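Next come the chains, spelled out residue by residue.
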Amino acid sequence: YRVLLRYTYVFGLAGIVLLLLPFVPGLGTDAGADVWISIGGIFSFQPGELAKICLAIFFAGYLVRTREALTSVGTRFLGMTWPRPRELGPLLLLWAGAMAIIVLQRDLGTGMLIFGMFVAMLYVATGKTSWVVIGLTLAAIGVAAATSILPYVQARFTNWLYPFDPDTVDGSSYQLVSGIFGLAHGGLIGTGLGQGRPGLTPLSQSDYIFPSLGEELGLIGVFAILCLYMVFTSRGVRVGLAGQDDFGKLLATGLSFTIALQVFIMVGGVTRLIPLTGLTTPFLAAGGSSLIANWIIVALLLRISDAVRSRPRVVIG
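Residues numbered from 1 in each chain as written. Predicted model: local features only at pLDDT ≥ 70, side-chain atom pairs only at ≥ 80, totals over all residues. Heavy atoms only, no water.

## Focus on the packing of aromatic side chains
The description of an aromatic ring pair rests on the distance of the ring centres and on the angle between the ring planes.
Okay, so step 1: Tallied over the full model, the rule gives 9 aromatic pairs.
Okay, so step 2: Here the aromatic rings of Y1 and F247 are separated by 6.4 Å at their centres, their planes lie at 10°, and the arrangement is stacked. Of this pair, Y1 sits in the segment before α1 (8-20) while F247 sits in helix α10 (residues 246-270), and the two are 246 residues apart along the sequence.
Okay, so step 3: Overall, Y1 belongs to the buried group, its relative accessible area being 13%.
Okay, so step 4: Of the residues examined, F247 reaches a relative accessible area of 3% and is grouped as buried.
Okay, so step 5: Each residue in the set Y9, F58, F59, Y62 and F118 is aromatic and connected to the rest through ring pairs, giving one cluster. (Phe/Tyr/Trp six-rings, centres within 6.5 Å; stacked < 30°, edge-to-face > 60°. Helix = DSSP H or I, 4+ residues; strand = E, 2+ residues; numbered from the N terminus. Buried < 20%, exposed > 50% of the residue type's maximum accessible area, 1.4 Å probe, protein only.)

## Overview of helix α8 (residues 174-186)
Okay, so step 1: A rise of 1.5 Å per residue sets the reference length of α8, with its 13 residues, at 18 Å; its end C-alpha atoms lie 18 Å apart and thus fit the reference within 8%.
Okay, so step 2: For α8, the complete set of buried residues consists of Q175, L176, V177, S178, G179, G182 and G186.
Okay, so step 3: Remark: G187 follows α8 within two positions and exhibits a positive phi of approximately 65°. (Expected span 1.5 Å × (residues − 1).)

## Points about the nonpolar core
Okay, so step 1: The biggest cluster of nonpolar side chains holds 62 residues, and the ones touching the most others in it are F59, L63 and L251.
Okay, so step 2: Here the element with the most residues in this core is α10; it accounts for 12 residues.
Okay, so step 3: Discounting residues that sit within four places of it in the chain, L251 has contacts with L4, A56, I57, A60 and I304.
Okay, so step 4: In terms of nonpolar packing, the next biggest core, distinct from the first, is built from 5 residues, A146, L150, V153 and F157 among them. (Core = buried A, V, L, I, M, F, W, Y, C linked by side-chain atoms within 4.5 Å. Contact = heavy atoms within 4.5 Å.)

## Here we look at helix α11 (residues 288-309)
Okay, so step 1: With 22 residues, α11 should reach 32 Å at 1.5 Å per residue; the first-to-last C-alpha distance of 31 Å fits that figure.
Okay, so step 2: All of the buried residues along α11 are S289, S290, A293, N294, I297, V298, L300, L301, I304, S305, A307 and V308.

## Description of the packing of helix α5 (residues 129-149) against helix α6 (residues 151-161)
A pair of packed helices is characterised by two quantities: the angle between their axes and the separation of those axes.
Okay, so step 1: Direction vectors running N to C along α5 and α6 enclose 100°, while the axes themselves pass 6 Å from each other. By the angle between their axes, α5 is roughly perpendicular relative to α6. Contacts between α5 and α6 pair V143, A146, T147 and I149 from the former with P151, V153, Q154 and F157 from the latter.
Okay, so step 2: Looking at the contact of α5 with α6 residue by residue, the classes come out as 6 nonpolar, 2 polar and no charged. (Axes fitted to C-alpha atoms, helices over the stretch in contact; angles between N-to-C directions. Parallel < 35°, antiparallel > 145°, perpendicular 65-115°, else oblique. Nonpolar A, V, L, I, M, F, W, Y, C, P; charged D, E, K, R; others polar.)

## Remarks on the pattern of salt bridges
Between side chains of opposite charge, a pair can form as their charged atoms come close.
Okay, so step 1: If you walk through the whole model with that rule in mind, you get 3 salt bridges.
Okay, so step 2: One salt bridge in this structure joins K52 and E49, with 3.0 Å as the shortest N-O distance. Of this pair, K52 and E49 are both found in helix α2 (residues 47-70), 3 residues apart, which corresponds to roughly one turn of the helix. Summarising the burial analysis for this pair, K52 and E49 share the class buried.
Okay, so step 3: Across the pair D306 and R303 runs a salt bridge, and its minimum N-O distance is 3.3 Å. (Salt bridge = Lys/Arg side-chain N within 4 Å of Asp/Glu carboxyl O.)

## Topic: empty space enclosed by the protein
Leftover empty space is mapped by rolling, across the atoms, a probe with the size of a water molecule.
Okay, so step 1: Under the definition given, this model contains 2 cavities of 30 Å³ or more.
Okay, so step 2: What the largest cavity holds in volume is close to 110 Å³.
Okay, so step 3: Lining the largest cavity are 15 residues, with Q46, G48, E49, D107 and T110 positioned closest to its centre.
Okay, so step 4: Among the secondary structure elements, those contributing two or more residues to the lining of the largest cavity are α1, α2 and α4 (108-126).
Okay, so step 5: Here the element with the most residues in the lining of the largest cavity is α2; it accounts for 4 residues.
Okay, so step 6: Of the residues that constitute the lining of the largest cavity, the class distribution is 8 nonpolar, 4 polar and 3 charged.
Okay, so step 7: In this structure, the second largest cavity occupies an estimated 30 Å³ of space. (1 Å grid on protein atoms, 1.4 Å probe; cavity = no way out; pocket = protein on both sides within 12 Å on 5 of 7 lines; lining within 4 Å. Points joined across faces, edges and corners; volume = space filled by probe spheres on them.)

This is how it looks when you write it as structure tokens:
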């Protein structure tokens, strides 16, 4: 996996190109958010799923090279060391890129996912809490601006705040309300596999796979699923922390956090904890693009883990 470090900027360019592919005439599809491409009218793919992996490799390589500058002495304020203005450049650039994705692709989830991944890797690379505070502040500002300016983001927040309003429940919030009733119908132990009616919720096999499983497996079942995600993420982070080289540590941690953040965004959206976005639930939702990308993440984590376990040990005495 260390070979990937040599092509840091190639992966960064590849990630940007993949995000721009839906805007290429003849490739993009008209499916709500501009995140899909169609080849020959028979093959559809979501390039943003591969873009997040390419950008994770780029972030890891970039932070390895620039960590010294990012951890330089800054200004002490409120008990934390804040970075100098010139060190804020990369974070502001990624924030602007995330906002561009939200505006151009009408995809709130991907923009927040990529920005969150970079902030998490930045914190691991520098150990400075101030980066997290600045990142969360920028994210809040960006979401507030998008909500007040972009109609589709404003509609998502309206559906989140007032899903049972008579003006929305029969239209834009029907999917959210149907999923909530499905979870309620499942109760504690669920109706049993194949005994529920998750198909009453639109896109129950993809965007709303979690409420579908919640109806048939109940609260206990979905807790078990979330525990599996927690184990996966914790093992990935442990692989990163056990690594000796900074690139592998950042890459493993960033990829693991990406899975965890994506699960949080999707589960939080369908359970009305946060506004709903258009991401997929890793390993569960129907969709070849997401499945391929997630298994590539698994392969990278396994390769890093193998390198950590097989490193030579020094025996004293």
